[in-house]
Amino acid sequence: STIIISDSINETCATSFGGVSVRYAYLSQRGYYPDDPYKANQDSYSLTHNFIGRESDAFFGVYDGHGRDGDKCAQFVRDNLPPLTASTVKKELQNEIKNGVSNGEDGDDLSKSMELPKDVLQNVLTKAHVMCNKKMHACKDLDDTLSGTTSISMYLHGNRNKITVSNVGDSRAVIGRSTDSILKKEGASSTLKAFALSRDQTPYRRDERIRCRKSGARVLSLDQIEGLEPINEDEDEEGNGEGDMVLGEEIDEGGDPPRIWSPNGDYPGTAFTRSIGDAIAEELGVFAEPEMLSRELTKEDKIIVLASDGVFEFLTNQSVIDICAKFTDPLEACRAVVAESYELWLQYEMRTDDITMICIFIDDVGSPQGSTKDLGVIASVASAVSCDGADDDLISNTARPVRSTMTAEKSRAIMMAKKNMSRSVRDVTEFEEEDFDLESLFTEKTAEEKASIAEAIRASVMFQNITDEQRELIYKAMEPMPVKEGQLIIKQGTVGDRFYIVDEGRFEVRIVPESKLAEEGAVGNCVHVYEGSRENHSHPSFGELALMYSAPRAASIIAQSDGLLWALHRYAFNKVIAEQSFKLEAEKMLKKIDVFKSFSSDSLKELASSLCEAKFSRDDVIINEGDVGDSMYLVLPGGSCKSVRTSKNGSESEVDLKEGGFFGEEVLKGGPENKYQLTVTATNKMTCWTLQKSDAKRVISSLRKEGATNMA
């Protein structure tokens, strides 16, 4: 049965708000909770056109509920915050219009074009959030004692090309900008640069910790509460550190963030410092007043994302914008970001969070309409996000640490599964890594196929720092895998050694509860669907964790349609990364050899690219003293061998060679015999790089020609 559902717009909405032309889409994915598979989606969202009665204005919001009644709290804010905001803004506008009419201005014109000054508008928005919070406290249909919701919203004033973002909690707003000066300055390869439009309000922020502590709160992680980590009571005292918490880098690796606790007991334990609802936490400084940012949209602004923290648990702002930028349709962008987030949750956690996002593509920004007096207000706030460093300040101070490791619970589950699993139920071909032949997998890819693979791996942390040469090898090593409808791609609980990219087709993610995993024929509940499409340039991926180490698969993947996958084996990935890295080391090793000491960096690089791999078993004689040879050897990691040299008086001297050692270089120096001067025998199963004399001569000849040209 399918119990985890997603809610999304059927198709992207294209519209204009004043001078701002946009296309937007939204998607909300219910989380997977193995202990509570029918738990309601606690995220919600709202999109309001014709806001405050103006076709040029709109209101977008994402709300992430928590606690027993978190779903009701999020829905309450969804239903109440937009109308409360609209009525409060209208009321203030009416006051401004009355003041304008009394000064002799036309009331009809003012009612259509009047904009509230920045400070007035932000005060009004704060009032609306506080009113919504009080209204929730009074609501008898829900209990917000230990429940509540975050809120990230954007008020778009289309006639002024202006946005005002209001944030309560740790959901987030991000903007992707195409500003050449920024990209060139940072040396960025992305087409868009991500900037934060909000700051996470969590105990990671020193100012928020201090504020809550003044209300009596304790700020501790769960491990600190349980006595597993030390407590520094003076960490925020004057003179004891500045800026945001280093705590996250130290104790949040397993998903254990600092939390807000009562001085009288271990509650409420919120990982955020502002919220709508949470009546008990409110007494500890967790209030509903938003932080706001107002700015004018420009033609450099291309993408705006509003999303719950489920998106940003494992993805950075830049990663989210990178994924969105790959698509021409914001709905496809939503699907890709949610799919990537969901996959990362399953890799690093036993569960997933609810994941919700609104993605807005800005197609055009016209000239602001209205009087110059109003435009002056906009100009004063346009610098809130600028190109001169303000963006970087926001980014550096905005986010809690992005998690990159699994929880202790997940780690224990993997270890237990490894003990229980059978090597006979692997979803990969059996062979040992040292026997793995990378080149046997190589297939040439078309430009279109390379583009599909590049799009899929672009936002992945695993592939972010690879060189162009490594990328080309990964393209070659990707195995095409045609699939049929109903085919089992991955079986939950079996060891995974491949990472997959969906080129075309639909694939269900199914999870069987641990208690039923041993049952014959158990297929579990559908928790997610990956859908790849060449037409839409949508190529989700799964199984990234398998590139790092062998681990039991967290879910089963079943093809819902015929399709095509690209598969990358972990051994292939390791060889590409390790061998290419070793070639850099090989350049350093070659530099130490007398015959190459005078070579330039480019010449050494050319020599290193000529290295070939040779494998030897224990006791294999690699070279014999007195034999004519045409190659020298470099010992790769893990290898060891013994060299024996016979002196003129017949005595023998032995030398052990290990990783980084080399031998046989004497045959590269020329001479009529080209004979080896020692015998080398492998002492374990080992691999060497070999450099042939012909390749060395070719590079030397090229150097001589270059030298002659320079002399001329």
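Residues numbered from 1 in each chain as written. Predicted model: local features only at pLDDT ≥ 70, side-chain atom pairs only at ≥ 80, totals over all residues. Heavy atoms only, no water.

Trainee: Please provide a residue-by-residue account of the overall build of the protein chain, values included.
Mentor: A count of helices and strands for the protein chain gives 19 helices and 34 strands. Here the protein chain holds 712 residues, and the buried ones make up 53% of them. In the protein chain, 76% of the contacts between residues at least 6 apart in sequence involve partners at least 24 apart. When the accessible surface of the protein chain is totalled, it reaches about 31,900 Å², and 47% of it is carbon and sulfur. (Helix = DSSP H or I, 4+ residues; strand = E, 2+ residues; numbered from the N terminus. Buried < 20%, exposed > 50% of the residue type's maximum accessible area, 1.4 Å probe, protein only. Contact = heavy atoms within 4.5 Å. Areas by Shrake-Rupley, 256 points an atom, 1.4 Å probe, with all protein chains shown as cover.)

Trainee: Now, about the packing of helix H10 (residues 317-325) against helix H11 (residues 330-348): what can you tell me, with residues and values included?
Mentor: With their axes 8 Å apart at the nearest point, H10 and H11 run at an angle of 140° to one another. In terms of axis orientation, H10 runs oblique to H11. For H10 against H11, the interelement crossing comes out right-handed. Contacts between H10 and H11 involve Val-320, Ile-323 and Cys-324 from the first element and Ala-333, Ala-336, Val-337 and Glu-340 from the second. Of the residues assigned to the contact of H10 with H11, the class counts are six nonpolar, no polar and one charged. (Axes fitted to C-alpha atoms, helices over the stretch in contact; angles between N-to-C directions. Parallel < 35°, antiparallel > 145°, perpendicular 65-115°, else oblique. Left-handed = near helix turned anticlockwise from the far one by under 90°. Nonpolar A, V, L, I, M, F, W, Y, C, P; charged D, E, K, R; others polar.)

Trainee: Residue-level account of the packing of aromatic side chains, with values.
Mentor: Throughout the structure, instances matching the rule amount to eleven aromatic pairs. Judged by centre distance (4.6 Å) and plane angle (35°), the rings of Tyr-26 and Tyr-45 are tilted. Residue Tyr-26 is found in strand E3 (residues 20-29), and its partner Tyr-45 is found in strand E4 (residues 43-48); the two are separated by 19 residues along the sequence. Of the two residues, Tyr-26 and Tyr-45, neither departs from the other in class, the shared state being buried. Ring centres of Phe-314 and Trp-345 lie 5.2 Å apart, and the angle between their planes is 90°; on these two criteria the pair is classed as edge-to-face. Taken together, the positions of Phe-314 in the loop between helix H9 (309-312) and H10 and Trp-345 in helix H11 put the pair 31 residues apart, joining distant regions of the chain. (Phe/Tyr/Trp six-rings, centres within 6.5 Å; stacked < 30°, edge-to-face > 60°.)

Trainee: So what about unusual backbone geometry? Which residues, and what values?
Mentor: Of note, the bond from Tyr-267 into Pro-268 is cis; its omega dihedral lies within 30 degrees of zero at -5°. With respect to the element layout, Pro-268 can be found in strand E13 (residues 265-270). Here the phi dihedral of Asn-50 falls at roughly 55°; this positive angle occurs in a residue that is not glycine. Turning to its location among the elements, Asn-50 is positioned in the loop between E4 and strand E5 (57-66).

Trainee: So, the pairing of strand E12 (residues 259-262): which residues are in play, and what are the values?
Mentor: Going residue by residue along E12, you find Arg-259 and Trp-261 tucked away on one face and Ile-260 and Ser-262 tucked away on the opposite face as well. Strand direction decides the pairing type here: E12 and E13, joined by three bridges, are antiparallel. Residue pairing for E13: Ile-260 is matched across the bridge by Thr-270. Connecting E12 to the antiparallel partner E13 that follows it, the hairpin turn spans two residues. (Pairing = 2+ DSSP bridges.)

Trainee: Can you explain the pattern of salt bridges? Please cite residues and give values.
Mentor: This structure, assessed with the given rule, holds 26 salt bridges. The salt bridge partner of Arg-205 is Asp-207, with a shortest N-O separation of 2.8 Å. Here Arg-274 ties to Glu-208 by a salt bridge, and the two come within 3.0 Å at their closest N and O atoms. Remark: Glu-208 occurs in helix H5 (residues 206-214) and Arg-274 occurs in the loop between E13 and strand E14 (276-277); sequence separation between them is 66 residues. Each of Arg-205, Asp-207, Glu-208, Arg-211, Arg-274 and Glu-291 takes part in a single network of salt bridges with overlapping partners. (Salt bridge = Lys/Arg side-chain N within 4 Å of Asp/Glu carboxyl O.)

Trainee: Hey, could you go over the confidence of the model for the protein chain for me, with residue numbers and the actual values?
Mentor: Summing up the model confidence of the protein chain, the mean pLDDT is 80 and the portion of residues at 70 or higher is 77%. Across the protein chain, the element-wise mean pLDDT spans from 31 in helix H12 (residues 372-381) up to 98 in E14. Across residues 417-431, confidence stays below pLDDT 50; counting only partners more than four residues off in sequence or on other chains, it has 27 contacts. (pLDDT = per-residue confidence, 0-100.)

Trainee: I'd love a proper account of helix H15 (residues 447-457), names of residues and values included.
Mentor: Taken together, the buried positions of H15 are occupied by Ser-452, Ile-453, Glu-455, Ala-456 and Ile-457. Looking at the packing, one finds that the buried side of H15 touches helix H16 (468-477), strand E21 (498-511), strand E23 (541-542) and strand E26 (563-569).

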